[in-house]
Amino acid sequence: MGSETKRRATYADIEALPENMVGQLIDGELIAMPRPASPHAVAHTVLGGLLVTTFQVGQRAPGGWWILDEPELHFGEDVLVPDIAGWRRERMPQLRRMPFFTLAPDWVCEVLSPSTATLDRKRKREIYAREGVEYVWLVDPALRTLEVFRRQEGQWVQRGTYSGEARVRAEPFEALDLDLGLLWPPELEAP
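Residues numbered from 1 in each chain as written. Predicted model: local features only at pLDDT ≥ 70, side-chain atom pairs only at ≥ 80, totals over all residues. Heavy atoms only, no water.

1. A word on unusual backbone geometry
The cut-off we apply is this: Secondary structure counts use DSSP, requiring at least four H or I residues in a row for a helix and at least two E residues in a row for a strand, with both numbered from the N terminus. For the exposure calls, accessible area comes from a 1.4 Å probe over protein chains only, and a residue counts as buried if that area is under 20% of its type's maximum, exposed if over 50%, partly exposed in between.
Put simply, Glu171 and Pro172 share a cis peptide bond, and its omega is -5 degrees. Inspection of the secondary structure assignment puts Pro172 in the loop between β11 (167-168) and β12 (178-179). Even without being glycine, Arg144 reaches a positive phi, approximately 55 degrees. Counting through the fold element by element, Arg144 comes out in the loop between β8 (135-140) and β9 (145-152). One non-glycine residue, Glu153, lies in the positive phi region at around 55 degrees. In this structure, Glu153 sits in the loop between β9 and β10 (155-163). On the basis of relative accessibility, which here comes to 85%, the residue Glu153 falls in the exposed class.

2. Structural notes on the pattern of salt bridges
What counts, and what does not: For this document, the term salt bridge refers to a Lys or Arg side-chain nitrogen within 4 Å of an Asp or Glu carboxyl oxygen.
Counted by the stated rule, this structure contains 17 salt bridges. We note a salt bridge from Arg150 to Glu134, for which the minimum N-O separation is 2.8 Å. Taken together, the residues span a long stretch of sequence, with Arg150 in strand β9 and Glu134 in the loop between α3 (117-131) and β8 at a distance of 16 residues. Take Arg150: its relative accessible area is 26%, and that puts it in the partly exposed class. In this structure, Glu171 engages Arg150 in a salt bridge whose closest nitrogen and oxygen atoms are separated by 3.6 Å. Taken together, the residues Glu171 in the loop between β11 and β12 and Arg150 in strand β9 connect sequence positions 21 residues apart. Judged by relative accessible area, which is 12%, Glu171 ranks as buried. Salt bridges linked by common partners bring Arg88, Glu134, Arg150, Arg159 and Glu171 together as one network.

Structural data, given as structure tokens:
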């Protein structure tokens, strides 16, 4: 028996993916997945829109954040693409023209899909904790839940789980009265 050594994936492997795929590098492994289905896209789009309007560009709103859809994050050899991420402007006063970020966001949101839930809950959250991300939100369109976590002493502490049509004020965006019902599309017809 010969021993095969598995080659560590590189950024070139991400660049070689077809346009309809999202690639990430975690612990030297290429993780490629197709763009998500419509329930995921609705939750992602609505939540991002509400946060941008309230915390980035809204008039008479708290402001103070940069909120970005699917930013590419480079942490050493790991390359992650959260669904949404936010940086407090006090830490990143200006956005620069760049293809990726090396400064860890203050907050990330992962919208869970059946194919990504384990990855988002475990491996990606471990890297976010290592890199100093303060908050992680996990949104599950299938279960219609929002889980809020805050990093304390390197560990994730659950700050709340909300579901259904609840109206919530979740850290770090307590100024927003978030109507969770807006994130869940009505029943969608199968193709």
